[in-house]
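Residues per chain, in single letters:
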Amino acid sequence: KDEKETWTPVTKLGRLVKDRKIQSIEQIYLFSLPIKEYQIVDYFLPSLKDEVMKIMPVQKQTRAGQRTRFKAFVVIGDSNGHVGLGVKCSKEVATAIRGAIILAKLSVIPVRRGYWGSILNEPHTVPCKVTGKCGSAVTRLVPAPRGTGIVAAPVPKKLLQLAGVTDCYTQAFGSTRTLGNFVKATFAAIGNTYSYLTPDLWAETKFTMSPYQ
Amino acid sequence: MDKKNGSKHSGGEKVKETTASLKNLSLGGSPAVLPKHGQKQVASTNNNTNTNTNTNTNTKNGKKPKKSTHHGGGGASSQNAAVAAAPKKNSGPVLLGMPDSPMQSADDTDPYVTKIGGVPLWLDQDLPAPAKYGICGACGKSMYLLLQAYVPLEKSPYDRVVYVWACNQRLCMRKAGSFRVIRALQLNPEYAQKLEKKSKPATAASTASALNPVVGASGINPFAAPGAFDMGNALFGGSGSGFANPFASANSTSTNPFAPPSGFGVGSPVLAPAVKSFASVTSANVPEKQDSSSESEDEDAAKESTEWPEKLSSFDPHYLYITEEVLEDSDAAKDDISQRYSHLLALEESVNKDDDDDNDSSNKNGGATWSGETYEKAVLPKGVDKAFQKFTERVQSWPDQCVRYDFPGTPLLFSYSDRTAQTLLPPNATQHSKHTNPSTHRIPRCPACKGPRGFEFQLMPNLLALLDVTSKKYLSEEEARSLKERKGAQVFDIGMEWGTILAYSCVQDCFGKKAQREDDDDDDNNRGDAERQRKVRYFEEVVLVQFED
């Protein structure tokens, strides 16, 4: 249907994107502008792949028995520096998955990659040791030499693959049995790669005008 | 109407056959828009069956009636929508204004057109609104017309037009006075006659059918789609009074079905003069009148300056076509997911069959489980809340929509957490999702009749994209000069920026207290009639704006 394919933006940022005033999603990240429409992300990153990690039924006890809803965990990424994680709970599986995909797109975050040793070829690992925490689950990402691959449990491994990190050592603390928290902790760790101030960022940045101007 | 509808011609023919049957319906249902100009075309599959039952519950209540379309009569343009699906919701269908073709500035002359942008056109060229309405209350510059809509109500003898102005300065956005909604009323003698004749439909029907040779075979056409009734009702709208003004209906039949694809531009000027001449004839018959009125209201109005600048700053005008909102399930998305994740959907089946936890908690992760999860609210980016999600979802089925009309109805809020929402919603509404229905008790009452105000329509952000508000051509001269001095900095001083604009207007559609008293006293007084005919009254209505963040 034609109506479905065309997107008319509702927010100011959406309008700017539609008019091609913004060249890349990194400009949006630079100013920490909240992305409220997932079509913006689709526009800049058409090659995003989504993957449902898990659908689990969560139950609530009511007078008339148990009320079951489905919680969907969806990880999305383009294997080249952008990942997103979406969690959505809904009465039907399909609705939960669809909602989680949209939320994952809204939460796409850039991933900074670096080198373990010699600065040769493309960045392949995390730039430094980063850690992320959610609940009691703590995940620590450590740079690894080229060719190591991702040394992690299947859950964070999937996330790191979609982020575009090729080699990485991981350490997990706390209760990793709660996989919901575990995956969120890894996501937080990946997000911290750009929060970490490394010496090469010491130079003063020249401020540019926000896309709104 | 125009190019939008392939079915227009067929609709027109059906209409002729069913007109005779239409006369038996309550003619008061639709002070017809279409005989005048054919712009406001509405699919109202429900209007037909409900005009008889609903006339009492319509619009006069504060509540939203079950099925309410006030622009009585479906036009051919929306027959597509009508045929596609009846609205799924039980409550009255919301009418959407979708952008049509751009209007030529030269054609921007008809006050009965519904349009975006352009210059404001008055119901009577000699009685414009006070000029202060076009000035921003915050910065004093002149405002741009966003919307002019011809929105007569059922059972009302008045021509009713709403105007929405907004200031294009970014700095004025959040200040009071930068948005304005005006409602203009003018007594329309045709409608008034029609309302009177409503009490004698039988005689009207027979005489009208005899006099109107354009109407085809009498008798109900069993194959007519429900929408056709309304279209006919609207097209021949005042067929009851058709014999009084044969030009109007004749014009409508000849111009409407064959209106050129370029839009209303050609059709409307043909029709408008027919009506205008009638009005001007009556006003010519009435001597002086302007100074002899003893009502202070009129004196005040005369004192207020009605001097509008010669060259009004305005956006490029576009036509709007009106359609009912028909919501459909997004099957396309569902299919995609069900293909890729069919195994997961199977899981849903199994879980629903046996409420057994054991199947789900174990997996191959060496004992690590996913159990212990509970329902959690989604983590949303800043500025996204439940209201915004519902808003985008609703807009997605008709992404082009510029105006939503539902009088009196409920608005589609853009967010729950801004000042506007706080005005409309009970406190702490967002914490209990049951209470997120906007109510109007905190909205100021109509100053003329002290009656309540109800939500009438809202403007959608697509309007901003359509009108290109930040384009440099709307810079005034000094602004353009200072821009050059800044050497390449992007313009951001101009350009309005809002999420949605809600307009609330008097539910009773009052014409002002003194006029109503006059109506009671001078019913048979011809002089009073003619005087009232000419008068155009302007009322400022409440406008609430919701912004992002």
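Below is a short write-up of the structure.

Cut-offs and rules
Residues numbered from 1 in each chain as written. Chains lettered and ligands numbered in written order. Predicted model: local features only at pLDDT ≥ 70, side-chain atom pairs only at ≥ 80, totals over all residues. Heavy atoms only, no water. Helix = DSSP H or I, 4+ residues; strand = E, 2+ residues; numbered from the N terminus. Buried < 20%, exposed > 50% of the residue type's maximum accessible area, 1.4 Å probe, protein only. Contact = heavy atoms within 4.5 Å. Areas by Shrake-Rupley, 256 points an atom, 1.4 Å probe, with all protein chains shown as cover. Polar contact = N/O pair within 3.5 Å; in protein donor to acceptor, adjacent residues only side chain to side chain. Phe/Tyr/Trp six-rings, centres within 6.5 Å; stacked < 30°, edge-to-face > 60°. Lys NZ or Arg CZ within 6 Å of the ring centre and 35° of its normal. Pairing = 2+ DSSP bridges. Expected span 1.5 Å × (residues − 1). Axes fitted to C-alpha atoms, helices over the stretch in contact; angles between N-to-C directions. Parallel < 35°, antiparallel > 145°, perpendicular 65-115°, else oblique. Left-handed = near helix turned anticlockwise from the far one by under 90°. Nonpolar A, V, L, I, M, F, W, Y, C, P; charged D, E, K, R; others polar. Salt bridge = Lys/Arg side-chain N within 4 Å of Asp/Glu carboxyl O.

### Observations concerning the overall build of chain B
At step 1: What chain B contains, in helices and strands, is 18 helices and 10 strands.
At step 2: For chain B, buried positions account for 56% of its 549 residues.
At step 3: Across chain B, every contact between residues at least 6 apart in sequence was considered, and the portion connecting residues at least 24 apart equals 82%.
At step 4: Surface exposure of chain B reaches about 24,400 Å², of which carbon and sulfur atoms provide 52%.

### Overview of the environment of Glu540 of chain B
All names here are of chain B.
At step 1: Summarising the element assignment, Glu540 is placed in strand 10 (residues 536-546).
At step 2: Assessed through its relative accessible area of 36%, Glu540 is described here as partly exposed.
At step 3: Along the backbone, Glu540 and Ala184 are 356 residues apart, and their C-alpha atoms lie at a distance of 8.8 Å.
At step 4: Once residues within four sequence positions are removed from consideration, Glu540 is found in contact with Tyr133, Arg180, Val181, Ile182 and Arg453.
At step 5: At 3.3 Å, the side chain of Glu540 and the side chain of Arg180 are in polar contact.

### Description of the packing of aromatic side chains
At step 1: In total, this model carries 10 aromatic pairs over all chains according to the counting rule given.
At step 2: Between Trp122 of chain B and Tyr163 of chain B the ring centres are 5.2 Å apart and the planes differ by 50 degrees, which places this aromatic pair in the tilted class. Of the two residues, Trp122 of chain B sits in the loop between strand 2 (115-116) and strand 3 (144-150) while Tyr163 of chain B sits in strand 4 (residues 158-166), which places them 41 residues apart along the sequence. No difference in accessibility class separates Trp122 of chain B from Tyr163 of chain B, as the two residues are buried.
At step 3: Every member of this aromatic cluster is reached through a ring pair, and the members are Trp122, Tyr163, Trp165 and Tyr538 of chain B.
At step 4: Its end group placed over the ring of Phe388 of chain B, Lys36 of chain A keeps NZ or CZ at 6.0 Å from the ring centre.

### Thoughts on the sheet that holds strand 2 (residues 65-77) of chain A
All names here are of chain A.
At step 1: Taken in spatial order, the four strands make up an open sheet running 1-2-3-4, and their pairing is antiparallel. Sheet topology places strand 1 (49-62) and strand 4 (109-110) at the edges, where each strand pairs with a single neighbour.
At step 2: Two strands pair when backbone bridges link them, and strand 2 and strand 3 (residues 82-90) are joined in this way by eight bridges, in the antiparallel orientation. Across the sheet, residue Ile76 finds its bridge partner in strand 3, namely Gly84.

### A short note on helix 7 (residues 179-191) of chain A
All names here are of chain A.
At step 1: Between the first and last C-alpha of helix 7 there are 18 Å, a value that for 13 residues agrees with the 18 Å anticipated at 1.5 Å per step.
At step 2: Among the 13 residues in helix 7, 10 count as buried, and that is most of the element.
At step 3: All buried positions along helix 7 are accounted for by Leu179, Gly180, Phe182, Val183, Ala185, Thr186, Phe187, Ala189, Ile190 and Gly191.

### Some words on the environment of Pro411 of chain B
Residue and element names in this part refer to chain B.
At step 1: Examined against the element boundaries, Pro411 turns out to sit in the loop between strand 7 (403-409) and helix 14 (419-424).
At step 2: Accessibility expressed as a relative area gives 10% for Pro411, which makes it buried.
At step 3: Expressed as a C-alpha distance, the spacing of Pro411 and Tyr504, which sit 93 residues apart in the sequence, is 9.8 Å.
At step 4: Contact partners of Pro411, with chain neighbours within four places excluded, come to Pro438, Phe455, Gln458, Leu502 and Tyr504.

### Overview of the packing of helix 6 (residues 154-163) of chain A against helix 7 of chain A
Residue and element names in this part refer to chain A.
At step 1: One way to put it is that helix 6 packs onto helix 7 with a least axis distance of 9 Å and a crossing angle of 30 degrees. As summarised for this structure, helix 6 and helix 7 are arranged roughly parallel, according to the angle between their axes. The hand of the helix 6/helix 7 crossing is right-handed. Note on element contacts: helix 7 touches helix 6 through Leu179, Phe182, Val183, Thr186, Phe187 and Ile190, opposite Val155, Pro156, Leu159, Leu160 and Ala163.
At step 2: Looking at side-chain class alone, the contact of helix 6 with helix 7 contains 10 nonpolar, one polar and no charged residues.

### Some remarks on the environment of Leu30 of chain A
At step 1: For Leu30 of chain A, the location among the structural elements is in helix 3 (residues 25-30).
At step 2: Through-space distance from the C-alpha of Leu30 of chain A to that of Pro211 of chain A is 9.9 Å; in sequence the pair is 181 residues apart.

### Some words on the sheet that holds strand 6 (residues 318-324) of chain B
In a beta sheet, neighbouring strands pair by backbone hydrogen bonds and run either parallel or antiparallel.
Residue and element names in this part refer to chain B.
At step 1: Within the closed barrel, the 10 strands sit side by side as 1-6-2-3-4-5-10-9-8-7. Their pairing is antiparallel.
At step 2: Here strand 8 (residues 453-459) pairs with strand 9 (residues 500-506) via six bridges, running antiparallel. The residue bridging Phe457 from the neighbouring strand is Ala503, located in strand 9.

### Focus on the pattern of salt bridges
At step 1: Inspection of every chain in the model, using the stated rule, returns 12 salt bridges over all chains.
At step 2: Across the pair Glu497 of chain B and Arg15 of chain A runs a salt bridge, and its minimum N-O distance is 2.5 Å. Taken together, the positions of Glu497 of chain B in the loop between helix 16 (477-485) and strand 9 and Arg15 of chain A in helix 2 (residues 12-18) put the pair across two chains. For the pair shown, Glu497 of chain B and Arg15 of chain A are each scored as buried.
At step 3: Across the pair Glu325 of chain B and Arg404 of chain B runs a salt bridge whose closest N-O atoms are separated by 2.9 Å. On the criterion of sequence distance, the pair formed by Glu325 of chain B in the loop between strand 6 and helix 10 (331-340) and Arg404 of chain B in strand 7 is long-range, its members being 79 residues apart.

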